[in-house]
Amino acid sequence: MEWPVATERGTADELAMTLREAILRLNRRVRQTRAVGDLTFSQLSALTSLQLHGALTPRELADVERVQPPTMTKIVGKLEERGLVARTPHPTDGRQVILAPTEQGRAMYAQFEQVRNEWLAEQLAALSAEEQNVLAQAAKIMQQVARA
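Keep in mind it's a predicted model, so treat the numbers as computed, not measured.

The rules behind these values
Residues numbered from 1 in each chain as written. Predicted model: local features only at pLDDT ≥ 70, side-chain atom pairs only at ≥ 80, totals over all residues. Heavy atoms only, no water. Helix = DSSP H or I, 4+ residues; strand = E, 2+ residues; numbered from the N terminus. Rg over C-alpha atoms; globule rule 2.2 N^0.38 Å. Contact = heavy atoms within 4.5 Å. Areas by Shrake-Rupley, 256 points an atom, 1.4 Å probe, with all protein chains shown as cover. Lys, Arg positive; Asp, Glu negative; His and termini not counted. Charge placed at Lys NZ, Arg CZ, Asp CG, Glu CD. Core = buried A, V, L, I, M, F, W, Y, C linked by side-chain atoms within 4.5 Å. Buried < 20%, exposed > 50% of the residue type's maximum accessible area, 1.4 Å probe, protein only. Patch = residues over 30% accessible without salt bridge, like charges linked within 9 Å, V, L, I, M, F, W, Y side chains within 5 Å. Salt bridge = Lys/Arg side-chain N within 4 Å of Asp/Glu carboxyl O. Expected span 1.5 Å × (residues − 1). Arc of directions from axis to C-beta.

1. Some words on the overall build of the protein chain
Part 1: Along the backbone of the protein chain there are 6 helices and 2 strands.
Part 2: Overall, the protein chain shows an N-to-C arrangement of helices and strands of α-α-α-α-β-β-α-α.
Part 3: Since a compact globule built from 148 residues should have a radius of gyration of about 15 Å, the 19 Å found for the protein chain marks it as more spread out than a globular shape.
Part 4: Its C-alpha atoms give the protein chain principal-axis dimensions of roughly 60 × 35 × 20 Å.
Part 5: For the protein chain, contacts bridging at least 24 residues in sequence account for 48% of all contacts bridging at least 6.
Part 6: If you sum the accessible surface of the protein chain, you get close to 10500 Å²; carbon and sulfur atoms cover 54% of it.
Part 7: Side-chain charges in the protein chain split into 18 positive and 18 negative, and the spacing between the mean points of these groups amounts to 7 Å.

2. Digging into the nonpolar core
Part 1: Residues Leu 39, Leu 61, Met 72, Leu 79 and Val 85 are the most contacted members of the largest nonpolar core, which totals 17 residues.
Part 2: For this core, the secondary-structure elements that each account for two or more residues are α2 (41–53), α3 (58–65), α4 (69–81) and α5 (103–125).

3. Digging into a nonpolar patch on the surface
Part 1: Nonpolar side chains collect at one region of the surface, where Leu 15, Leu 19, Ile 23 and Met 142 lie side by side and expose about 300 Å² of accessible area between them.
Part 2: With 3 residues, helix α1 (residues 9–32) is the largest single contributor of residues to the nonpolar patch.
Part 3: As for its placement among the helices and strands, Leu 15 is situated in helix α1.
Part 4: Residue classification places Leu 15 among the partly exposed residues on the basis of a relative accessible area of 35%.

4. Things to note about the pattern of salt bridges
Part 1: One pass over the structure, following the stated rule, counts 7 salt bridges.
Part 2: The shortest N-O distance in the salt bridge between Arg 82 and Asp 38 comes to 2.5 Å. With Arg 82 in the loop between α4 and β1 (85–89) and Asp 38 in the loop between α1 and α2, this residue pair connects regions lying 44 residues apart in the sequence.
Part 3: Linking Glu 103 and Arg 106 is a salt bridge whose minimum nitrogen-to-oxygen distance equals 2.9 Å. Within this pair, Glu 103 and its partner Arg 106 are both found in helix α5, separated by 3 residues, close to a single helical turn.

5. Here's the deal with α4
Part 1: In a regular helix each residue adds 1.5 Å, so 13 residues correspond to 18 Å; α4 covers 18 Å between its end C-alpha atoms and thus fits that length.
Part 2: Among all positions in α4, only Met 72, Ile 75, Val 76 and Leu 79 are buried. All buried residues of α4 fall inside an arc of 95° around its axis, so they share one side. Seen from the open side of α4, the exposed residues pointing more than 90 degrees away from its buried face are Pro 70, Lys 74 and Glu 81.
Part 3: Residues of α4 that are buried make contact with α2, α3, β1 and β2 (97–101).
Part 4: Two residues or fewer after α4 comes Gly 83, characterised by a positive phi angle close to 75°.

6. A closer look at the side chain of Arg 116
Part 1: By the secondary structure assignment, Arg 116 is in helix α5.
Part 2: Discounting chain neighbours no more than four positions away, the residues touching Arg 116 are Val 30, Arg 31 and Thr 33.

Given below as structure tokens:
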């Protein structure tokens, strides 16, 4: 679909709605591509947050994941049982612990990322060179918008 230059608010609003829907659907599809073990979405999301944000307290992880601390306690417990996350004492607050992915957790995250990237690359390879170029430009623009 060709989009006219966004000179009218309606055009920008329509583009925003279409783009947001496409991003959500693509994100959902990529998230569903997880042929790595039997982690739940919540467990995988928590592991991903620890990988991307670095070591966090359980409360910080709950905040990042936007879940209640008791829910995060259960998620972290399952990840610990599997050897994917380790607790270490907080350096300045003896009441707190720091959570970080273990070597096994980092390896599982890397494998998960590889599976997702391979799926998306396969989908992109089926597109024409012109479509791939358009998406490359769109990716740059979307990164710019995200940084705004």
